[in-house]
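Listed below, chain by chain, are the residues.
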Amino acid sequence: MKRRNWCGAMGMTAAALPLLAPAVVHAAARPAAKRELIVTSFPDLDRAARLAIPAFERRHPGVRVRLSVLSLADLPTAMITALAAGANLPDLMAMDRENVGKLTDSAGLHDLRAAPFRADALAAQVAPFALAAGHGRSGALTAFPVDIGPGALFYRADLLASAGLAEADLNRSWADYLRAGRQLKAKHGAYLIGNAVDVKDLVLRALLAEGEGVFFDQGGQPLLRTPRFERAFALAQQLRQAGLDARVVAWSNEWSEGLRRGRIASQMFGSWFAGHLQNWIAPKAVGLWRSASLPEGAFASWGGSYYAIPRAAREPELAWDFLRLLALDPTQQLAAFETLDAFPSAVAAQQGDYFDAPLPFFGGQPARRQWREAAARIPSVDADRNDAMANDVVNAALERVLEHGERIPAALAEAEQRVLRRGRLLKRAA
Amino acid sequence: MKAALQKRWRQAQPYLFISPFFILFAVFGLFPLLFSIWLSLHSWDPAAGLGAMSWVALDNYRYALMDDDWFHQSLWTTLWIALLAGVPQHLVALPLAWWLHTAMGRWRNLVLGLYFLPFITSTVALSLVFTSLFSKDFGIVNSLLDTLFGWGGIDWRRPEYTKWMIAFVVFWRYLGWNTVLYLSALQTVPKDLLEAAELDGAGAWARFRHVMLPLLKPMAYFAVTLTLIGNLQLFEEPFILTGGTGGIDQGGRTTAMHLYRVAFTEGDFGTASAIAWLLFIVIAGSTWLNNRLLGERKEAA
């Protein structure tokens, strides 16, 4: 039996040899190796990079862009590991807004303010709040934005209208938002939102003052026992107690089905959510959805993508050139917006007729104009390396309030202690 | 001189031939192991690079044991799921193997193969399928429970159900594996022992209880050890089923998941390494306990 296996393996190898031969010949006949720019990205952001590659390769004959794509969940893990080891790093690495705080303090990334990048000179060309988030605690600019997510309130206009409600009833104030939810539930049995937790997230961001962090102040101390958190928790609790949320997690099957079937009437997210609604969640609901500004005239950012140049990059200058093309070239920025709903971070790309065009999916509403106005008024938010940890702790605290009826001040006080403990911040505070 | 060199070369040859294993083991086995001990004694944010490591001695262990209440909770969750998924695995696998052995005849291997199928299927794929099966509004489990008992709309993500859901998936996945183990042990039992017992008037139950079960003890020890080690390191199933967070109230956050989050969400590789070693101590302790309960005793032999 073993002998037969051996023979089989030998036979397979022999059979594979002719297949390998052309590859060997091809390699031998190839001209001198091209310079290569290695870019790591995640879906769908990789599509924007793909759009830019032909123009970049025309600009740099002899340079080939190699794009390596990892899932959004795997990319930060892979990049942290690579930064830790200082090996296997690309020339240009993508990160989503959620992971920016974790990486901006990394000593393994170039400070883009320094030569040869001198990104400070370009600051006026980029949405200020997005650029602010790319700075680490030391002030170094290590991540540069390529798209942003101005927050919007998406809602089903048909459900609202048949419940006798107008858009203003939904976003005049948070109290009105809840009142509209009750009316909607009474009339249709539809839920106002997928999960009360989403409202907490939005309120936390919407009530931020310029330059403040969501969870930490600029000194890295937690801000959990502030009126902002109390209000966010209280609103989420009221929503849950009134039975206005469907208690489903965003991106789960129940959530997308709920939105598709009109069981969930509104969702607050970045402008990029329009593409998800239109492409796969509710493609048949043409004309039924609308985009509104957030309640109480708040402006918040949701998501967004960044690129960074590792110090170990072999082609930092080429990487910077490619990054500038992605981030600042109006044609490229608009192409990314048209293709994958990545809202332009470059101010110059936010102009033009494209933004005034009526959108059939939104019943002819020129929604892009609204998102642009929101983008201009979003305050700068300070990112912290402990944001992801604090987010976990705050969500756990809100679960205790929503599920077990714990008092909000007590839950927040405990959460703050836990953030201090988990972030090992007690020593620093002392 | 030449002869001496040749002799030395001859002596070195065996070491040269076995060196690939040792080189690979040193690079991919031993080094990470030792590095993680070293790491557990440091405070380190990996994104900052190797230069950012600072010595903290046993502080990470102290933090994990005294301050990290999520770690303590994760230990309970892990033990709970390990028992909930592990005990039924053996209680069902043993009779199942006996039934396959005695009643299935030539269909035995086919039926065994069917039970074994979940074991060789990707955990991630299985967990994703189960996520759909346990869906609150559109899942087949709820529609079945609704049809059979009139229990509608159970939200399986709620903390009181999370552990049960994970334990069920783990039980279902490893049942076939344990059945194979027990069946292979049953097949080695000499038939004449059973026939002798039958001649002595022992019924089916008596033959199983007094002849088979004692002979299966070594295999039971082996199988329970594997279950203990596997279940205490549980990661993929709870990770996918709870969307990577551990679920509401962290009801499904196992210790392996917790240390992954400490490392990659909180960026604290030092504490994560310390937790990994503490988990190792728990696993080693339970294996020792299992050895005391089920293992062969030298003095008894």
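No experiment lies behind these values; they were computed from the predicted model shown.

Q: How should the overall build of chain B be read in this particular structure?
A: Helix and strand counts for chain B come out as twelve helices and two strands. Each helix and strand of chain B, placed in order from N terminus to C terminus, yields the pattern α-β-β-α-α-α-α-α-α-α-α-α-α-α. Against the compact-globule benchmark of 19 Å for 301 residues, chain B has a radius of gyration of 25 Å, which places it well outside the compact range. Taken along the three principal axes of its C-alpha coordinates, chain B extends 70 × 70 × 35 Å. Taken over 301 residues, chain B has a buried fraction of 43%. A fraction of 65% describes how many contacts in chain B between residues 6 or more apart in sequence connect residues 24 or more apart. With 21 positive and 20 negative side-chain charges, chain B shows a separation of 13 Å between the mean positions of the two kinds.

Q: Sorry, what's going on with the layout of surface pockets here?
A: Empty space among the atoms can be located by rolling a probe the size of a water molecule over them. Residues and elements named next belong to chain B. The calculated volume of the second largest pocket comes to roughly 580 Å³. When contributions to the lining of the second largest pocket are tallied by element, the ones reaching two or more residues are α3 (69-103), α9 (204-232) and α12 (269-294). If one sorts the elements of the lining of the second largest pocket by residue count, α9 sits on top with nine residues. For the lining of the second largest pocket, the residue count by class is 17 nonpolar, six polar and one charged.

Q: Sorry if this is basic, but what is going on with the pairing of strand β3 (residues 92-96) of chain A here?
A: Side-chain positions along a regular strand alternate between the two faces of the sheet. Residues and elements named next belong to chain A. The element β3 is largely enclosed, with a buried count of five among its five residues. Judged by which residues are buried, β3 turns out to be covered on both faces: L92, A94 and D96 on one side and M93 and M95 on the other are all buried. As judged from the two bridges shared by strand β1 (residues 35-41) and β3, these two strands associate in the parallel manner. Bridging from a neighbouring strand, V39 pairs with L92 of β3. For β3 and strand β7 (residues 301-308), the ladder comprises four bridges, and the chain directions are antiparallel. Considered in β7, the bridge of M93 is made with A308.

Q: I keep staring at the confidence of the model for chain B and nothing clicks. Help me out?
A: In low-pLDDT regions, the fine details of the predicted coordinates are not to be read closely. Across chain B, the average pLDDT comes to 89, with 98% of residues at or above 70. Reported confidence for the predicted complex is 0.80 by ipTM and 0.82 by pTM.

Q: Even after reading the chapter, I still don't get the pairing of strand β4 (residues 144-156) of chain A, so can you show me in this structure?
A: All names here are of chain A. Of all 13 residues in β4, 13 are buried; the element is thus mostly enclosed. Here β4 pairs with β7 via five bridges, running antiparallel. Bridge pairing links P150 to S301 in β7. Summarising the sheet, β4 and strand β8 (residues 343-344) pair through two bridges and their orientation is antiparallel. Paired with D147 across the two strands is P344, which belongs to β8. Direction of pairing for β4 relative to strand β5 (residues 266-270): antiparallel, over a ladder of five bridges.

Thresholds, definitions, all that
- Residues numbered from 1 in each chain as written.
- Chains lettered and ligands numbered in written order.
- Predicted model: local features only at pLDDT ≥ 70, side-chain atom pairs only at ≥ 80, totals over all residues.
- Heavy atoms only, no water.
- Helix = DSSP H or I, 4+ residues; strand = E, 2+ residues; numbered from the N terminus.
- Rg over C-alpha atoms; globule rule 2.2 N^0.38 Å.
- Buried < 20%, exposed > 50% of the residue type's maximum accessible area, 1.4 Å probe, protein only.
- Contact = heavy atoms within 4.5 Å.
- Lys, Arg positive; Asp, Glu negative; His and termini not counted.
- Charge placed at Lys NZ, Arg CZ, Asp CG, Glu CD.
- 1 Å grid on protein atoms, 1.4 Å probe; cavity = no way out; pocket = protein on both sides within 12 Å on 5 of 7 lines; lining within 4 Å.
- Points joined across faces, edges and corners; volume = space filled by probe spheres on them.
- Nonpolar A, V, L, I, M, F, W, Y, C, P; charged D, E, K, R; others polar.
- Pairing = 2+ DSSP bridges.
- pLDDT = per-residue confidence, 0-100.

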